[in-house]
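The lines below spell out each chain.
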Amino acid sequence: MNNRIKEFKKEDIISNLISVIFTTYDKRIFYSDICEKTSKFIKLEEKFYSKYPEYYKSDNNFIVNGNEINRFKTMEENKIKNSDFIILLIRQN
């Protein structure tokens, strides 16, 4: 019985995961990461900046399927789905 409960928990966790790909219009970056659908985008953004710290101080926006991502909303609230490309837009000052 206990093993069956563990299997359900694993399945629930796995079904809640999505993979996304960060890129730029010039295709300099291709970075894939996995997160939970219910996690806030800002957590994923922080992981991105730890991998690419040179973009941290830029004035950036992230776009998915033509829509700007709100960093304080969840992946689901931003309508980010498995295998979506997230495009980094670097604003020029």
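Throughout what follows, the structure given in this document is the object of discussion. The structure presented is a predicted model; accordingly, all values stated were derived computationally and were not measured. Think of each chain on its own: its residues are numbered from 1, step by step along the sequence as written. Per-residue local features of the predicted model are confined to residues with pLDDT of at least 70, and side-chain atom pairs are confined, for both listing and counting, to 80 or more; whole-chain, interface and lining totals are unaffected and use all residues. The side-chain quantities take in all heavy atoms of the structure and omit both hydrogens and water.

**A closer look at the pairing of strand 3 (residues 60-64)**
Phase 1 of the analysis: For strand 3, the tally of buried residues reaches five of five residues, placing the bulk of the element in the interior.
Phase 2 of the analysis: Every second residue of strand 3 is oriented toward a common face, with N60, F62 and V64 on one face and N61 and I63 on the other, all of them buried.
Phase 3 of the analysis: Sheet topology note: the strand 3/strand 5 (residues 85-90) ladder contains five bridges and is antiparallel. Bridge pairing in strand 5 links F62 to L88.
Phase 4 of the analysis: One bridge is not enough; two strands pair if DSSP finds at least two bridges between them. Strands are runs of DSSP state E lasting at least 2 residues, helices are runs of H or I lasting at least 4, and numbering of each runs from the N terminus. Sheet topology note: the strand 3/strand 4 (residues 67-68) ladder contains two bridges and is antiparallel. Paired with I63 across the two strands is E68, which belongs to strand 4.
Phase 5 of the analysis: The hairpin formed by strand 3 and strand 4 contains two residues between the paired strands, and N65 there has a positive phi angle of roughly 50°. Think of it in three bands: residues with accessible area under 20% of the maximum for their type are buried, residues over 50% are exposed, and the middle band is partly exposed, with areas taken using a 1.4 Å probe on protein chains only.

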